[in-house]
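# Results of the structural survey
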Amino acid sequence: MDANGIRTCQSCGMPMSAEEHFGTEADGGLSRDYCTYCYRNGAFTESNITIDEMAKISGAMMSQLYAIPLERAESFSKDQLSCLKRWAGREIPLCESCGMPLARDEDAGTEADGSLSHAYCTYCYRDGRFTEPDLTREQAVEKYAPMMASHLGMPAERATEMVRQYLSTLPRWRE
Ligand SMILES: [Zn+2]
Ligand SMILES: [Zn+2]
């Protein structure tokens, strides 16, 4: 696993950065897509779990960790899960700057030649450039945390913590 090898488990959304985070295929090789909690020996550990059950589990964790009201945490978790390969049927790329899902063409940013970006959303990247090229990671945290706090009904300092942690997994802000 190289330094840029952070992947998101395409079943539960957990960031996977070390070899031991990855699940295993039937031949013993590492899974490219799924974590060790979700996927072992080529099969899902809980093969019948639904997205709603999964959202309840990860929502409860988020609710506790970041003081988010349970219902909001669950629905936020479900939105996030619905972009993952196990639930969407395909892997939906996330903007490598803000994390927004690039689900539709109009969500994608544009390259200098007008083609769609595969890495960034339309808010972050247009005509081959970042819309805010000088934005630092800390400024990005300050920009997104209040939105997150009001969207999820959580205390501001927990939102700051959550956004800082999340941005550190995105390629634009990785150190
Ligand atoms: Zn997983
Ligand atoms: Zn973006």
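Shown above is the structure to which this text applies.
Because the structure is a prediction, the values reported are computed rather than measured.

## Quick word on the overall build of the protein
- For the protein, the count of helices and strands is five helices and 10 strands.
- Rg of the C-alpha trace for the protein: 17 Å, near the compact-globule value of 16 Å for 175 residues, within the 12% margin.
- For the protein, the spread of C-alpha atoms along the three principal axes comes to 45 × 40 × 30 Å.
- Within the protein, residue pairs in contact and separated by at least 24 positions form 35% of the contacts whose partners lie at least 6 positions apart.

## A short note on the packing of helix 4 (residues 137–152) against helix 5 (residues 156–167)
- Look at helix 4 against helix 5: their axes get within 8 Å of each other, and the N-to-C directions meet at 130°. The orientation of helix 4 with respect to helix 5, classified from their angle, is oblique. Helix 5 is crossed by helix 4, and the crossing has right-handed handedness. On helix 5, the residues that touch Arg137, Ala140, Val141, Tyr144, Ala145, Pro146, Met148 and Ala149 of helix 4 are Ala156, Ala159, Thr160, Met162, Val163, Arg164 and Leu167.

## Here's the deal with unusual backbone geometry
- Within the chain, alanine 67 stands out as a residue other than glycine whose phi angle is a positive 55°.
- With respect to the secondary-structure elements, alanine 67 resides in the loop between helix 1 (51–66) and helix 2 (70–81).
- Backbone geometry at aspartate 127 places phi at a positive 50°, although glycine is not the residue there.
- Within the secondary structure, aspartate 127 sits in the loop between strand 9 (125–126) and strand 10 (129–130).
- Residue class for aspartate 127 comes out exposed when judged on the 11 C-beta atoms lying within 10 Å of it.

## Here's the deal with the nonpolar core
- Cys95, Cys121, Tyr144, Ala145, Met148, Ala159 and Val163 are the most contacted members of the largest nonpolar core, which totals 24 residues.
- For this core, the secondary-structure elements that each account for two or more residues are strand 8 (116–121), helix 4 and helix 5.
- Discounting chain neighbours no more than four positions away, the residues touching valine 163 are Val141, Tyr144, Ala145 and Met148.

## Some words on the packing of helix 1 against helix 2
- The N-to-C vectors of helix 1 and helix 2 enclose an angle of 125°; their axes lie 7 Å apart at closest approach. One finds that helix 1 runs oblique with respect to helix 2. Note that helix 1 runs across helix 2; the crossing there is right-handed. Along the contact surface, helix 1 presents Ile51, Asp52, Met54, Ala55, Lys56, Ser58, Gly59, Ala60, Met62 and Ser63, while helix 2 presents Leu70, Ala73, Glu74, Ser77, Lys78 and Leu81.
- Among the residues forming the contact of helix 1 with helix 2, the class breakdown is eight nonpolar, four polar and four charged.

## Points about the environment of arginine 174
- Relative to the elements of secondary structure, arginine 174 occurs in the segment after helix 5.
- Between the C-alpha atom of arginine 174 and that of isoleucine 6, which follows or precedes it by 168 residues, the distance is 9.8 Å.

## A few points about the environment of methionine 61
- In this structure, methionine 61 sits in helix 1.
- Among the residues examined, methionine 61 registers 12 C-beta atoms within 10 Å and is labelled exposed.
- Between the alpha carbons of methionine 61 and serine 77 there is a distance of 9.9 Å; along the sequence they are 16 residues apart.

## Details of the pairing of strand 4 (residues 30–35)
- The pairing of strand 3 (residues 22–24) with strand 4 spans two bridges and is classified as antiparallel. In the strand pairing of strand 4, threonine 24 is matched with leucine 30.
- Taken together, strand 3 and the strand that follows it, strand 4, pair antiparallel across an intervening segment of five residues, in which glycine 28 is found at a positive phi of about 90°.

The rules behind the values
All residue numbers refer to position in the chain's written sequence, counted from 1. Chains and ligands are labelled by the order in which they are written, letters from A for the one and numbers from 1 for the other. Only residues with pLDDT of at least 70 are given local features in this predicted model, and only at 80 or more are side-chain atom pairs given and counted; all residues enter the totals for whole chains, interfaces and linings. Helix numbers and strand numbers start at the N terminus; a helix is a DSSP run of H or I with at least 4 residues, a strand a run of E with at least 2. For a compact globule the rule gives 2.2 Å times the number of residues to the power 0.38, and the radius of gyration it is set against comes from C-alpha atoms. What counts as a contact here is a pair of residues whose C-beta atoms, placed from the backbone, lie within 7 Å. Axis geometry follows a simple rule: fit a line to the C-alpha atoms, using only the stretch in contact for helices, then measure angles between N-to-C directions, giving values from 0 to 180 degrees. The cut-offs work like this: below 35 degrees is roughly parallel, past 145 is roughly antiparallel, 65 to 115 is roughly perpendicular, and the gaps in between are oblique. Take the far helix as your reference; a near helix turned counterclockwise from it by less than a right angle gives a left-handed crossing, and one turned clockwise gives a right-handed crossing. With C-beta atoms placed from the backbone, the exposure class of a residue follows from how many other C-beta atoms lie within 10 Å of its own: 20 or more, buried; 12 or fewer, exposed; in between, partly exposed. By definition, a nonpolar core groups buried Ala, Val, Leu, Ile, Met, Phe, Trp, Tyr and Cys residues that connect through C-beta atoms lying within 7 Å of each other. All residues other than Ala, Val, Leu, Ile, Met, Phe, Trp, Tyr, Cys, Pro, Asp, Glu, Lys and Arg, Gly among them, are scored as polar; the first ten of these are nonpolar and the last four charged. At least two bridges found by DSSP between two strands is the condition for calling them paired.

That is the geometry; function is a separate question.
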